[in-house]
Amino acid sequence: MKRYLVFALVGPFVGGFLLLLTTTYQSGYWAQAHLGEVGKLFVVFFKSLQYSYLFGFLPSLMIGAVDDILFHVRRIGPVLRMLLVGLLAFVLAAFTYGSRGSDSGAVQLILYGLVGFVPAVLSSWLVHHYVEEPQAATAAS
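Description of the structure in this document. Remember, predicted model here, so these are calculated numbers, not experimental data. (Residues numbered from 1 in each chain as written. Predicted model: local features only at pLDDT ≥ 70, side-chain atom pairs only at ≥ 80, totals over all residues. Heavy atoms only, no water.)

**Observations concerning the pattern of salt bridges**
Under the counting rule described, the total for this entry stands at three salt bridges. Close ionic contact of Arg3 with Asp67 constitutes a salt bridge, the shortest N to O distance being 2.3 Å. With Arg3 in helix 1 (residues 2-27) and Asp67 in helix 4 (residues 49-71), the pair connects residues that are 64 residues apart, well separated along the chain. Exposure remark for Asp67: the relative accessible area of 0% places this residue in the buried category. Note that Asp67 is salt-bridged to Arg81, the shortest N-O span being 3.1 Å. Residue Asp67 is found in helix 4, and its partner Arg81 is found in helix 5 (residues 78-97); the two are separated by 14 residues along the sequence. The same class applies to Asp67 and to Arg81, which are both buried. Counted as one network, the salt bridges with shared partners bring together Arg3, Asp67, Asp68 and Arg81. (Salt bridge = Lys/Arg side-chain N within 4 Å of Asp/Glu carboxyl O. Helix = DSSP H or I, 4+ residues; strand = E, 2+ residues; numbered from the N terminus. Buried < 20%, exposed > 50% of the residue type's maximum accessible area, 1.4 Å probe, protein only.)

What follows is the structure, encoded as structure tokens:
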């Protein structure tokens, strides 16, 4: 249960911030903005944080469920599990947020994919290091 709590708390927070960074980059905001306007970015982030949790809560829990399923596969170690969870979240986020129009491209695919990859890997890493996971029972020979 702690695994799902970590995914539900960390995923929307980090994913919402990365989505805000990606959309501001894609809009061209940073090409004409200066460093003093970074404060506006954080104001917008904290004002829109409730929506990040509203729309990111269930996808984060689904990625947490995939992490939980992969945890119970004995042949998959923690690093491979983090990578597989991150790759699945990368693909899902890239196809969810990215457009397929004339403005699409490799940069857009990678940026929107990282919106899913980073929170998934970070959550999986936090679960691996800080949540007490029960040891798998070994078969008696």
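**Concerning the packing of aromatic side chains**
To describe a pair of aromatic rings, you give the distance between the ring centres and the angle between the ring planes. Tallied over the full model, the rule gives six aromatic pairs. Seen in terms of ring centroids, Phe17 and Phe45 are 5.2 Å apart; in terms of plane orientation they differ by 80°. Their pairing is edge-to-face. Here the residue Phe17 occupies a position in helix 1, and Phe45 occupies one in helix 3 (residues 38-47), the gap between them amounting to 28 residues. Taking the relative accessible area as the measure of exposure, Phe17 reaches 21% and is therefore partly exposed. Overall, Phe45 belongs to the buried group, its relative accessible area being 3%. On the numbers, 6.3 Å between centres and 35° between planes, the contact of Tyr97 with Tyr112 is tilted. Here Tyr97 is found in helix 5, whereas its partner Tyr112 is found in helix 6 (residues 106-130), with 15 residues between them in sequence. (Phe/Tyr/Trp six-rings, centres within 6.5 Å; stacked < 30°, edge-to-face > 60°.)

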